[in-house]
Number of protein chains: 2
Amino acid sequence: MKQSQLFTKTKKESPADEVSLNAELLIRAGYINKEMAGVYSYLPLGLKVIKKIENIIREEMDKIGGIEMRTSVFQNKEVWEKSNRWDDEVVDNWFKTKLKNGTEVGLSFTNEEAYADILKQYINSYKDLPVYPYDFKNIFRNEARSKSGILRGREFYWKALYSFSKNDEEHNIFYEKSKEAYKNIFRRVGIGHLTYLTFASGGTFSKFSHEFQTVTSAGEDLIYVDPNKGIAINKEVYNDEVIESLGLKKEELVENKAVEVGNIFSLGTKFSAPFELKYKDENGEEKLVIMGSYGIGLGRLMGTVVEVLSDDKGIIWPESIAPFKVHLLSLGGDENVRNGAEDLYNKLKERGIEVLFDDRADTSAGEKFADSDLIGIPYRVVVSKRSLADGGFEVKKRTEVQGKIINEQELIGLLETKN
Amino acid sequence: MKQSQLFTKTKKESPADEVSLNAELLIRAGYINKEMAGVYSYLPLGLKVIKKIENIIREEMDKIGGIEMRTSVFQNKEVWEKSNRWDDEVVDNWFKTKLKNGTEVGLSFTNEEAYADILKQYINSYKDLPVYPYDFKNIFRNEARSKSGILRGREFYWKALYSFSKNDEEHNIFYEKSKEAYKNIFRRVGIGHLTYLTFASGGTFSKFSHEFQTVTSAGEDLIYVDPNKGIAINKEVYNDEVIESLGLKKEELVENKAVEVGNIFSLGTKFSAPFELKYKDENGEEKLVIMGSYGIGLGRLMGTVVEVLSDDKGIIWPESIAPFKVHLLSLGGDENVRNGAEDLYNKLKERGIEVLFDDRADTSAGEKFADSDLIGIPYRVVVSKRSLADGGFEVKKRTEVQGKIINEQELIGLLETKN
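Rules of the game
- Residues numbered from 1 in each chain as written.
- Chains lettered and ligands numbered in written order.
- Predicted model: local features only at pLDDT ≥ 70, side-chain atom pairs only at ≥ 80, totals over all residues.
- Helix = DSSP H or I, 4+ residues; strand = E, 2+ residues; numbered from the N terminus.
- Buried ≥ 20, exposed ≤ 12 C-beta atoms within 10 Å, placed from the backbone.
- Contact = placed C-beta atoms within 7 Å.
- pLDDT = per-residue confidence, 0-100.
- Least-squares fit on C-alpha atoms with pLDDT ≥ 70 in both.
- Pairing = 2+ DSSP bridges.
- Axes fitted to C-alpha atoms, helices over the stretch in contact; angles between N-to-C directions.
- Expected span 1.5 Å × (residues − 1).
- Parallel < 35°, antiparallel > 145°, perpendicular 65-115°, else oblique.
- Nonpolar A, V, L, I, M, F, W, Y, C, P; charged D, E, K, R; others polar.
- Domains from an automatic or database assignment.

Caption draft 1: Looking closely at the overall build of chain A. Within chain A one finds eleven helices and 21 strands. Dimensions of chain A, computed from C-alpha atoms along their principal axes, come out at roughly 80 × 60 × 45 Å. With 419 residues in all, chain A has 49% of them scored as buried. Taking the contacts inside chain A whose residues are at least 6 apart along the sequence as the reference set, 69% of them involve residues at least 24 apart.

Structure follows, in structure tokens:
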């Protein structure tokens, strides 16, 4: 895509009330627009990143047997009354609205009830299980405060998978698979090295739930990390008994602020009981389905990547979720330069290499470099009078200080290499 | 996909309060789930259809210069007050909700204000125009009645593009291109032959807007069609003067019920004026941007296809938006049949042919045929003792009465042919 066709521009400033680094950088670089505290629109660059994250998550969910669907945002009061989660006294972050006839309607803040209600229509026999439906949708939570940019939205884009299993054994097998899938996701989006499987509070049906916590000063959670074992304990369950039961040693644990980028939860029969979600086993006996939930906030994940991988010049996207692989900069008005850049742009596109081409005619080299650092595309390729005189193009990774001149063939070879 | 892995099942009945044909068939076949009147969830089969429709629309939007983004559902009161569309007395189908601090928030019922507000930050010069951003998102409208299934939802999935042009001339060029793009979309989803460019009421800035109306008895609109010229007039502007101005003759027009599957609208400066959305032209003079809007409801489009292409046995999907191309049915418990079907299933998958494999062991041939007709996949391929004895597989299009036996090579050749 040519930058002259992209309507967004970088900004020197983000909104005065924006205090989070992730939103500040993403707004200044033209990825998101702040509509109000905790509510952001995704501009073209931002949507590209979200879609790449979505595709990675979809691949990992499909690999462990997930089947995608899409539940509605509007939620039916009667459904949520079954599990006693309709009342604002019980769940204090509902957004609700009303139909013309006065009927109250809720906006999805999570999906357990919607899934249990739908699956009840289709599960009768042990032959119908297990099943692992999931969806990507906008979720709404009436947060009292919302100052962490896209780390904690009032409206946010979310993946939720629910597992429906015959028994604990079948549940546990999937639960372990989901841990691996989640690890793959966080590794693939570039924050695996900072993300820890974290033991957190469970519920009636399991001692722990598991969170995936990414260490960053922007985090709202406190975790205690064992760097050698690669696991952590959330402050909410951090005590001597838990430390010991996990085979950890207090003196080896390091306190860190962290963001919860994903969680998995054994629900047992918490929701299948009120919904009477049952199946007949091989002996014709009725049993309650065992459920689990597996969530990831896509905006939060994108914001976390920005928090942990940016530098003082801007964002540094991992190649897997960058809006483009290459940022091609044409410097100066020289005709050979313009033609050379245009020619290279077309060649890269033909080869299916995603490239953003800064073809703006009236922008200085300094501005183009600063914009490129702020936007954070993995490879920067410069075409200038000097680079052509030196025999080609200057290529530099966003993480490198110094570029090098290589010819077209070498450049294409480099950019076609899969990481 | 194997049908045994798909959790949905066909149903004999749809909900008692469901009076529309589209929702009845889609619910019975397992495409959608009714959450409440006007609110549906998309089950795995339904989401596959929605995504195919979405991809067709995206391709056509990108072809005419569209650039995708995603605006938030939550809308800021202050933004909508600028155009005087916040007040419930002015817009009577808002859904609104409240933040903890009492601040009112609206749920998107359309997107003009959100786009004008965002683009205002980025448009300064004639060099920034034209630009054609669009998004796919859930839209919410507080309809007093909602009895048309997915033809008129209270929550629905929608594509909206907005054009931002320097002047009427530039606007009109894009407006004509958008007509062609819309015709391509309706042709590609299989209802082009029943869909008419329809003249409807305009506004302050244009005599007419243009709707794309698909003729069906399920429609809520009345249009007057000239079958030879392929255009129509909406009842709201149907009078002698309009008929004459379009060069039509009253006696050649046929009255039809129809569904509005798309609309395009010249907005002039209606929204750019209150938002002071201006640019500096080549002479440094400030001018208001000229806007247009271009909408399509994806659920409505899906429902319309069901309304106009189904028969008394079920749905008939056009290949372009069918959830799968082939419905493979294995009949009876014979081992050769089971192996033959499994083998064919794997070969089709290897070739990238989308196939739903009815591998259910304890389901009768009659039930499998009835389910297949209801679900409406374009090609049905049967593997049975008889078909194998006759030298292969029985293939039948959903629209054909009689199948024919062909061998594997012929079958793969047939299914690999692009339509």
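Let's pick the thread back up.
Caption draft 2: Expanded view of the interface of chain A and chain B. The interface of chain A with chain B comprises 40 residues on the first partner and 40 residues on the second. Those elements that place two or more of their residues in the side of chain A that touches chain B are β1 (32–36), β2 (39–42), α2 (44–63), β3 (66–68), β4 (74–76), β5 (95–98), α4 (112–120) and β7 (132–140) of chain A. At four residues, the largest contribution of residues to the side of chain A that touches chain B is made by β2(A).

Caption draft 3: Structural view of the confidence of the model for chain A. Per-residue confidence for chain A averages 96 on the pLDDT scale, and 100% of its residues sit at or above 70. Both scores are available for the predicted complex, with the pTM at 0.97 and the ipTM at 0.96.

Caption draft 4: Structural context of the relation of the copies chain A and chain B. For these two chains of identical sequence, chain A goes onto chain B by a turn of 180 degrees and a shift of 0.0 Å along the axis, with RMSD 0.0 Å. In symmetry terms, the pair is related by a two-fold rotation axis. Of every C-alpha in chain A, the one belonging to Thr97(A) sits nearest the axis of rotation, 2.7 Å from it. When the interface residues of chain A are mapped onto chain B, 100% of them again fall at the interface, so both copies present the same face.

Caption draft 5: Here's a closer look at the environment of Glu252(B). Residue and element names in this part refer to chain B. Relative to the helices and strands, Glu252 is located in the loop between α6 (240–245) and β13 (254–268). For Glu252, a count of 13 C-beta atoms within 10 Å gives the class partly exposed. Note: C-alpha distance between Glu252 and Pro227 (25 residues apart in sequence) is 8.2 Å.

Caption draft 6: The sheet that holds strand β6 (residues 104–107) of chain B, seen in detail. Residues and elements named next belong to chain B. The strand order across the open sheet built from three strands is β4-β6-β5, with neighbouring strands paired in antiparallel fashion. On the outer flanks of this sheet lie β4 (74–76) and β5 (95–98), each paired with one strand and no other. Each adjacent strand pair in this sheet contributes to an overall mean axis angle of 45 degrees, direction not counted.

Caption draft 7: Main features of the pairing of strand β19 (residues 379–383) of chain A. Residue and element names in this part refer to chain A. With respect to burial, β19 is a largely interior element, five of its five residues being buried. Neither face of β19 is left uncovered, since the one carrying Tyr379, Val381 and Val383 and the one carrying Arg380 and Val382 both have all their residues buried. In the sheet, strand β17 (residues 326–330) pairs with β19 via five bridges, with the strands oriented parallel. Residue pairing in the sheet places Leu329 in a bridge with Val382 of β19. Inspection of the sheet shows β19 paired to strand β20 (residues 393–397) by four bridges, in the antiparallel sense. Each residue of the ladder has a partner; that of Arg380, found in β20, is Lys396.

Caption draft 8: Highlighting α2(A). Taking 1.5 Å of rise per residue, 20 residues should cover 28 Å, and α2(A) covers 29 Å from first to last C-alpha, within 8% of that figure. Gly65(A) occupies a position one or two residues after α2(A) and carries a positive phi of about 95 degrees.

Caption draft 9: The sheet that holds β4(A), seen in detail. Residue and element names in this part refer to chain A. If you trace the three strands from one edge of the open sheet to the other, you get β4-β6-β5, paired in antiparallel fashion. Of all the strands in the sheet, the pair left with one neighbour each is β4 and β5. Within this sheet the neighbouring strands show an average axis-to-axis angle of 45 degrees, counted without direction. Bridging between β4 and strand β6 (residues 104–107) involves three bridges; their strand directions are antiparallel. Residue pairing across strands places Asn76 opposite Val105, the latter belonging to β6.

Caption draft 10: Highlighting the packing of helix α2 (residues 44–63) of chain B against helix α7 (residues 298–309) of chain B. Residues and elements named next belong to chain B. For the pair α2 and α7, the least separation of the axes is 10 Å and the interaxial angle reads 110 degrees. Looking at the two axes, α2 sits roughly perpendicular to α7. For the pair α2 and α7, contact is made by Val49, Ile50, Ile53 and Glu54 and by Leu298, Leu301 and Met302, respectively. A per-class count over the contact of α2 with α7 returns six nonpolar, no polar and one charged.

Caption draft 11: Up close: the domain arrangement of chain A. In terms of domain boundaries, chain A breaks down into domain 1 (5–9 + 11–309) and domain 2 (326–416). Taking only C-alpha atoms into account, the centre of domain 1 of chain A sits 39 Å from that of domain 2 of chain A.

Caption draft 12: Spotlight on the environment of Thr198(A). Residues and elements named next belong to chain A. One can find Thr198 in strand β9 (residues 195–203). Residues Thr198 and Asn263, 65 residues apart in the sequence, show an inter-C-alpha distance of 9.0 Å. Contacts of Thr198, omitting those with residues within four sequence positions, involve His210, Glu211, Phe212, Gln213, Ile223, Ala232, Ile233 and Asn234.

Caption draft 13: Structural view of the environment of Lys183(A). Tracing the backbone shows Lys183(A) in helix α5 (residues 168–188). Sequence separation of Lys183(A) and Ala144(A) is 39 residues, and the distance between their C-alpha atoms is 31 Å.

Caption draft 14: Summary view of α7(B). Residue and element names in this part refer to chain B. With twelve residues, α7 should cover 16 Å at 1.5 Å per step; its first-to-last C-alpha distance of 16 Å lies within 8% of that length. The buried fraction of α7 is high, at eleven of twelve residues. Inspection of α7 places Leu298, Gly299, Arg300, Leu301, Met302, Gly303, Thr304, Val305, Val306, Glu307 and Val308 among the buried residues, and these make up the whole buried set. Those residues of α7 that are buried lie in contact with α1 (21–28), α2, β8 (155–165), β10 (206–215), β13 and β16 (290–297).

Caption draft 15: Looking closely at the pairing of strand β16 (residues 290–297) of chain A. Residues and elements named next belong to chain A. Within β16, seven of the eight residues are buried, leaving the element largely enclosed by the surrounding structure. Summarising the sheet, strand β8 (residues 155–165) and β16 pair through eight bridges and their orientation is antiparallel. Note that in β16 the partner of Ser163 across the bridge is Gly292. Two elements, strand β13 (residues 254–268) and β16, share five bridges in a ladder whose sense is antiparallel.

Caption draft 16: Layout of the packing of helix α1 (residues 21–28) of chain A against helix α7 (residues 298–309) of chain A. Residues and elements named next belong to chain A. Close contact between α1 and α7 brings their axes to 8 Å; oriented N to C, the two are set at 95 degrees. One element, α1, and the other, α7, form an angle in the roughly perpendicular class. In contact with Leu21, Asn22, Leu25 and Leu26 of α1, α7 contributes Gly303, Val306 and Glu307. Taken together, the residues that form the contact of α1 with α7 break down as four nonpolar, two polar and one charged.

Caption draft 17: Spotlight on unusual backbone geometry. The peptide bond linking Leu129(A) to Pro130(A) adopts the cis configuration, its omega dihedral lying at -5 degrees. Its place among the elements puts Pro130(A) in the loop between α4 and β7. Of note in the backbone geometry, Asn84(A) takes a positive phi value of approximately 60 degrees without being a glycine. For Asn84(A), the position within the fold is in the loop between α3 (77–82) and β5. When the 10 C-beta atoms within 10 Å are taken as the criterion, Asn84(A) is described as exposed. Despite not being glycine, Glu276(B) has its phi angle at roughly 50 degrees, a positive value. Tracing the sequence through the fold places Glu276(B) in the loop between β13 and β14 (278–280). Of the residues examined, Glu276(B) has 12 C-beta atoms within 10 Å and is grouped as exposed.

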